[in-house]
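Here is what each chain is made of, one letter per residue.
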Amino acid sequence: AIAFITVGLLTLPLLGTAAGGDPMSRAFIERPTLNSLEPMAIHLTGGDSLRAREARLLLLMYLALMSIAVLRMVRRRYGKTNIMASWGRWMLLGWLVVPVVGSFVTSAIVPTFIPRYLVVAVPPLAILCAIGVVDLGTRFIASIALVGILLLNGMGLAAYYGGTYK
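Conventions adopted
- Residues numbered from 1 in each chain as written.
- Predicted model: local features only at pLDDT ≥ 70, side-chain atom pairs only at ≥ 80, totals over all residues.
- Heavy atoms only, no water.
- Helix = DSSP H or I, 4+ residues; strand = E, 2+ residues; numbered from the N terminus.
- Expected span 1.5 Å × (residues − 1).
- Salt bridge = Lys/Arg side-chain N within 4 Å of Asp/Glu carboxyl O.
- Buried < 20%, exposed > 50% of the residue type's maximum accessible area, 1.4 Å probe, protein only.
- 1 Å grid on protein atoms, 1.4 Å probe; cavity = no way out; pocket = protein on both sides within 12 Å on 5 of 7 lines; lining within 4 Å.
- Points joined across faces, edges and corners; volume = space filled by probe spheres on them.
- Phe/Tyr/Trp six-rings, centres within 6.5 Å; stacked < 30°, edge-to-face > 60°.

> Explain helix 5 (residues 122-135) to me, and be specific about the residues and the numbers.
Its 14 residues place the ends of helix 5 20 Å apart at the C-alpha level, agreeing with the 20 Å of an ideal helix rising 1.5 Å per residue. With its phi angle positive at about 100°, Gly137 sits one or two positions after the end of helix 5.

> Which residues make up the pattern of salt bridges, and what are the values?
Inspection of the entire model under this criterion finds four salt bridges. Close ionic contact of Arg56 with Glu38 constitutes a salt bridge, the shortest N to O distance being 2.6 Å. Here Arg56 is found in helix 3 (residues 52-78), whereas its partner Glu38 is found in helix 2 (residues 37-45), with 18 residues between them in sequence. Using a relative accessible area of 47% as the deciding quantity, one classes Arg56 as partly exposed. Arg51 is the partner of Glu54 in a salt bridge, and the nearest nitrogen-oxygen pair spans 3.1 Å. For Arg51, a relative accessible area of 61% corresponds to the exposed category.

> Give me the layout of surface pockets: which residues, what numbers.
Empty space within the second largest pocket amounts to approximately 280 Å³. His43, Thr45, Gly46, Asp48 and Leu157 are, among the 14 residues lining the second largest pocket, the residues nearest its centre. Secondary structure elements with two or more residues in the lining of the second largest pocket: helix 2 and helix 6 (139-161). By residue number, the principal contributor to the lining of the second largest pocket is helix 6, which donates four residues.

> Give me the lowdown on the packing of aromatic side chains, citing residues and values where you can.
In this structure the tally under the stated criterion is two aromatic pairs. Centroid distance Tyr160 to Tyr161: 5.1 Å. Interplanar angle 85°. Geometry classified as edge-to-face. Using a relative accessible area of 44% as the deciding quantity, one classes Tyr160 as partly exposed. On the basis of relative accessible area, Tyr161 is assigned to the exposed category, the value being 66%.

Shown next, in the form of structure tokens:
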């Protein structure tokens, strides 16, 4: 908590610098709304080159697997197991949430909410989903989830490199 507060205080001058800069350099950035979160999440999962249905299915799979990882983490926190067993998952969750929420909130003052700028949140997203696959328990269900994610992400990569990227 002390580290987060310290980093937050030390980055406040950056917000002032960004707010005082040329507003025309950010004129293309729209202020985000709650409706901006779904396209951003689809972009982070790699589904923005897929059709809407497949992109939402990929996002749903990522959210389901992350939820499994987070629920297991919360169960460890409030269960009988040691809290130190899940500290890495808490760090991953913070690594995912802080940039997204920080950019969203900061955009109320200085528009900065662009999905490309949030690429830093992709590694914890992928790692939490991998943990969710492992936490599924049975190998059969985990294999189905893994094949589904790989298939949908593979379709997105093929569309991207095939030139059908929208």
